[in-house]
Amino acid sequence: MTVDRWLVLAGGLTLIAFIVWFFWLKRSSGVRASETSSGYQEAMILVKGGYTPDTILVRAGRPVRLNFRREETASCSDKVIFADFGKSADLPTGTTVAVELLPKAPGVHEFACPMGMFRGRLVVE
Amino acid sequence: MMDRPLRLIEPVVDRPTARISGHVAELDLKLSGLSCPHCPPKVQTAIKTLVGVKAAHVNLANQSAHVIYDPDRVDVGAIIREIRRAGFGAGVATTRIPIRNMHCASCVTRIEHALKMTPGVTAARASSLTNTVEVEYQPEQTRFDHLRGAIESAGYRIVETNVPASGAGDGDPAEVERAAEYALLMRKFWLAAAISVPVMALSYPDLIPGLREWMPMGSTTRRVVWALLGVLALPVLVWSGSQFFTGLWDGLKHRTANMHTLIAIGISAAYLYSVVAVGFPQLFPRAELAEVFWDVTTVVVALVVLGLALEIKAKGRTSEAIKKLIGLQAKTARVERDGREIDLPVEEVVAGDILVVKPGDKIAVDGEVVDGKSAIDESMITGESMPVEKGPGDEVIGATLNKTGSFKFRATKVGKDTALASIIRMVQDAQGSKAPIQRVVDTVSGYFVPSVMMLGVLAFMAWYLFGPEPRLVYATIVLVTTLIIACPCALGLATPTSLTVGIGKGAEHGILIRSGDALQSSEKLDAIILDKTGTITKGEPALTDVVASAFSEDDVLRLAASLERGSEHPLGEAIVKGAEARGLKLSDAKGFAAIAGHGVGGEVDGRAVLLGNAKLMRDRGIDVEHLTKDWERLAGEGKTPMFVAIEGKPAGLVAVADTVKPDSKAAVATLKAMGLEVVMMTGDNERTAKAIARQVGIERVLAEVLPDDKAHEVQKLQLEGKSVGMVGDGINDAPALAQADVGFAIGTGTDVAIEASDVTLIKGSLVGVVTAIEISRATMRNVRQNLVGAFGYNVAGIPIAMGVLYPVIGLLLSPLIAAAAMAFSSVTVVSNANRLRSFTPERSAS
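Residues numbered from 1 in each chain as written. Chains lettered and ligands numbered in written order. Predicted model: local features only at pLDDT ≥ 70, side-chain atom pairs only at ≥ 80, totals over all residues. Heavy atoms only, no water.

A tally of regular secondary structure across chain B gives 29 helices and 30 strands. Considering chain B as a whole, with its 846 residues, one finds that 55% of them fall into the buried category. Summed over all atoms, the accessible surface of chain B reaches about 36000 Å², with 58% contributed by carbon and sulfur. (Helix = DSSP H or I, 4+ residues; strand = E, 2+ residues; numbered from the N terminus. Buried < 20%, exposed > 50% of the residue type's maximum accessible area, 1.4 Å probe, protein only. Areas by Shrake-Rupley, 256 points an atom, 1.4 Å probe, with all protein chains shown as cover.)

As a further point, take the interface of chain A and chain B. On the chain B side, the residues contacting the 44 residues of chain A number 42 residues. When chain A packs against chain B, the two sides together hide about 4000 Å² of surface, and 61% of this comes from carbon and sulfur. Counting across the interface, chain A meets chain B through one salt bridge. Between Asp 4 of chain A and Arg 471 of chain B there is a salt bridge whose closest N-O contact spans 3.5 Å. On the surface where chain A and chain B come into contact, there are two residue pairs in polar contact (both at pLDDT 80 or more). Those elements giving two or more residues to the side of chain A that touches chain B turn out to be helix 1 (3-25), strand 4 (51-52), strand 6 (64-70), strand 7 (79-82) and strand 8 (87-90) of chain A. Per-class residue counts for the side of chain A that touches chain B are 21 nonpolar, 12 polar and 11 charged. (Contact = heavy atoms within 4.5 Å. Buried area = accessible area lost by both parts, 1.4 Å probe. Salt bridge = Lys/Arg side-chain N within 4 Å of Asp/Glu carboxyl O. Polar contact = N/O pair within 3.5 Å; in protein donor to acceptor, adjacent residues only side chain to side chain. Nonpolar A, V, L, I, M, F, W, Y, C, P; charged D, E, K, R; others polar.)

Now for helix 24 (residues 686-696) of chain B. All names here are of chain B. Residues of helix 24 that are buried include every one of Thr 688, Ala 689, Ala 691, Ile 692, Ala 693 and Val 696, and no others. Check the buried side of helix 24 and you find it contacts helix 18 (532-536), helix 22 (628-636), strand 24 (639-646), helix 23 (664-673), strand 26 (677-681) and strand 27 (700-702). Gly 697 lies just past helix 24 and shows a positive phi near 85°.

So, about the sheet that holds strand 17 (residues 407-413) of chain B. With antiparallel pairing, the six strands of this open sheet are ordered in space as 10-9-11-17-12-15 (chain B). Two strands lie at the open edges of the sheet, namely strand 10 (340-345) and strand 15 (395-396) of chain B, each paired on one side alone. (Pairing = 2+ DSSP bridges.)

Residues and elements named next belong to chain B. Most of strand 28 (residues 724-729) sits out of view: five of its six residues are buried. Across four bridges, strand 19 (residues 527-531) lies against strand 28 in parallel orientation. What sits directly across from Leu 530, in strand 28, is Val 727. Here strand 28 runs beside strand 29 (residues 742-746); their pairing, made up of five bridges, is parallel. Looking at the pairing, Gly 725 lines up with Val 742 of strand 29.

Before going further, it helps to spend a moment on the nonpolar core. Counting residues in hydrophobic clusters, the biggest one holds 179 residues, and the most contacted among them are Leu 66 and Phe 68 of chain A together with Phe 244, Ile 528 and Phe 744 of chain B. With residues near it in sequence (within four places) discarded, Ile 528 of chain B still touches Leu 671, Glu 677, Val 678, Val 679, Gly 725, Val 727, Phe 744, Val 769 and Ile 773 of chain B. (Core = buried A, V, L, I, M, F, W, Y, C linked by side-chain atoms within 4.5 Å.)

Turning our eyes to something else, we now look at empty space enclosed by the protein. Residues and elements named next belong to chain B. Summed over the entire model, instances satisfying the criterion amount to three cavities of 30 Å³ or more. Put simply, the largest cavity is a space of about 50 Å³. Per element, the largest residue contribution to the lining of the largest cavity is three residues, and it comes from helix 16 (residues 488-508). Across the lining of the largest cavity, the residue classes tally to five nonpolar, five polar and one charged. (1 Å grid on protein atoms, 1.4 Å probe; cavity = no way out; pocket = protein on both sides within 12 Å on 5 of 7 lines; lining within 4 Å. Points joined across faces, edges and corners; volume = space filled by probe spheres on them.)

To continue, consider the packing of helix 14 (residues 436-466) of chain B against helix 17 (residues 516-523) of chain B. Packing of helix 14 of chain B against helix 17 of chain B leaves a shortest axis separation of 8 Å and a crossing angle of 115°. The residues of helix 17 of chain B that touch helix 14 of chain B, namely those facing Pro 436, Ile 437 and Arg 439 of chain B, are Gly 516, Asp 517 and Gln 520 of chain B. (Axes fitted to C-alpha atoms, helices over the stretch in contact; angles between N-to-C directions.)

What follows is about the environment of Leu 232 of chain B. Residue and element names in this part refer to chain B. One can find Leu 232 in helix 7 (residues 220-240). Put simply, Leu 232 and Trp 294 are 62 residues apart on the chain and 9.1 Å apart in space, counted from C-alpha to C-alpha. Non-local contacts of Leu 232, meaning those with residues more than four positions away in its chain, are made with Ile 195, Pro 198 and Val 199.

With that out of the way, let us pick up unusual backbone geometry. Here the residue pair Thr 52 of chain A and Pro 53 of chain A is connected by a cis peptide bond, since its omega of -5° sits within 30 degrees of zero. Position of Pro 53 of chain A among the secondary structure elements: in the loop between strand 4 and strand 5 (55-58). Residues other than glycine seldom take positive phi values, yet Ala 399 of chain B does so here, at roughly 80°. For Ala 399 of chain B, the location among the structural elements is in the loop between strand 15 and strand 16 (401-402). You will see that Glu 704 of chain B, though not glycine, has its phi angle at about 50°, which is positive.

Attention now goes to the packing of aromatic side chains. Residue and element names in this part refer to chain A. For the structure on display, the rule yields 20 aromatic pairs over all chains. Arranged with centres 6.0 Å apart and planes meeting at 40°, the rings of Phe 18 and Trp 21 form a pair that is tilted. Of this pair, Phe 18 and Trp 21 both sit in helix 1, three residues apart, which is roughly one turn of that helix. Judged by its relative accessible area of 43%, Phe 18 falls in the partly exposed class. (Phe/Tyr/Trp six-rings, centres within 6.5 Å; stacked < 30°, edge-to-face > 60°.)

Shown next as structure tokens:
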């Protein structure tokens, strides 16, 4: 094998390892929803290339209000779906849309755009 | 102090009134959602758990609650919240008011405070983020004017909603946004396409006579032209392809990858390679290696952008059904306020308003007629083509059309509570829900794009390490082609687009499919259980026969009818109506008791009266032997005969009959033809049940099923290994509907949001079940085609792009072909879903 081949081999394997680590292995720890005076656990989520923050921590048994604000026009993200709650909301660009949920038991519930490209997690404690 | 004992039956309460004396206050509150006998205790217990509530009584008959509480320890808002938490409505309306000049945090509290001081307002939540305030109020006490007054007194202004004069407002923000996005993408496409033509031609000069001679390989002319082409291709990359790079960047920030990631890496790899080839040809061992791929950059951008534009256009059409529904909403209403009739935007109508409707007007909101009479065309909501006669006390549905007369009605449900709004919400939620089949796709799509990136790298390595010369060129082409051909969008779009169209199609036919789950389950049903009353039959029985022994016919009927006056059972109502029609004067019954599934008993005019089936008579030791013959005759005719016993002696029979809906027989035949086993279930006796079953052609009958056993019977059928659908009304059959794999509820009027059901049939006809199953079969077939297409495309396309066929048949895909394939695979998926729009129910077209 020539030097350039060794370089390509090493570089390629490193790149593959990086892809695995970057996309699958690293996970954010999440943001805790703040509690309002009316008893809601509220969090603001920015929809732009993904959900920011994408992991929301809430407590079980109390209503949750997630305010989604979409700041992009890609057609994939024009809806957010909470499959476990059977809820969904349309997200017009530039408008804040509130999604209200009542998580009854602890667990992890995913939310995503219809095509599953954007994903977020609601962690109920 | 509490100055009077709590009476068991409260007078009818029209408006909530609070009386405060000392540290005890009393509150009368109108409730909603009290549909069953178990509901009042539930609400009562819920209210009583609150600290500060001394007593609570809930009255089922007039749907109200009387609460005695300590205002220092608990407020009205808390009581209402508690009632809601128990799952009932507490007569409060909610409205969202947009407010101008609300900028600071203190504005929020100021507005909320002003509103909360307004009598009848139970809660107010302002948000400086959305510049709106959400107000909960008692519609009987508060008018919109009062709310406006409160907001203005706090120094703020309401944003007046602009109401378009004509009915068809084209202001759907999603629609406008989609149109703008489409126009932008098309502009990007045209630029990319226009630049692609010269770039293509000049990139392959060796293939074109004339050019070949003018710019021979290795010449300076060729290098200069190619360098200029690179400059020409730059706007395509930077502007037409900008969304790929912003998508890549936004994705990377969230550690996610999507279609944009793949395209962005692909086109930039091709561009960078070309830059190096033109700028530093000396880096390449041989001159022919210094090829350029500008054409890959421009053509890929052009094709993919065109694909995106077409996809947006096609996706817009998938939600046409919901647009039609939204378009049904009335824009204005004529409201009577302070004795004057004023036209208001429909958003300002509050529950309790009196609305005036003239012939030809659209009814603005749901309500109850208080004065006048008219025929109303409800076809847009119920699908019933004949206009319905309405008079005082009847329910009218918003968005329906008044035909002949003028009338006034009191608004009962406004805004998001109207039947139409619930329908729209249900359809939207359903369209956004996921079919179980989608879960597979979800799992795949989470790993898809990074996997494709790894495959691209692997292919590059393989071609570089083991491929033929020029290795670098081949490896680069293969990497770019692999990244570009992979189409995560086709996978992601496959299920949701078909569901959106299918569920919308259902709504057009008066069928509300609750979720993707329900849609998928409906397809696989083996058996369907039909409740008899109200489903197969009209559900409005009428008195047909009276048989008397030892008493006069009138006596038997009069006593039976008097006893039934207290009952809400439809059979009882038929007897009462029948007796009234014969001019009999009814008396009051004492100690009325319903014996579930058996009959009723009580005391009329000092005489003990029993009315019910043979079991009841046997249990009470009453010999009805001599009446059995008549009973059998009537039952054989499909009627429901009931024994009447007076003072423990057999007195006779009263029979009522329920007639079969005109289209039930055809619907049953079609269901059978579709391969379903049709079963009838009823609480009635076997004879009656069989007579009806014979009329509609059902062989398997489950008769004398007690209400509590219905769910159990469904389960028994499921234990036979069948997937079971249950059709019934949403209230009495709720447990059975919930137990069934798919529960179909027959809806009526404004009562569309039936919780227990998976599918609601607004038309109230069995044909709806046939249509629902047809739609589910067509939709799921479509979903499967899409999934097979999308999976098949990627599974076949990616390896071919990686060059697995090269060693075998020497086939290597051009990145241009890959781009075309990728762009049109997602368009194909969406177009295939759109084919469903032309679906017409074949079997149920009667």
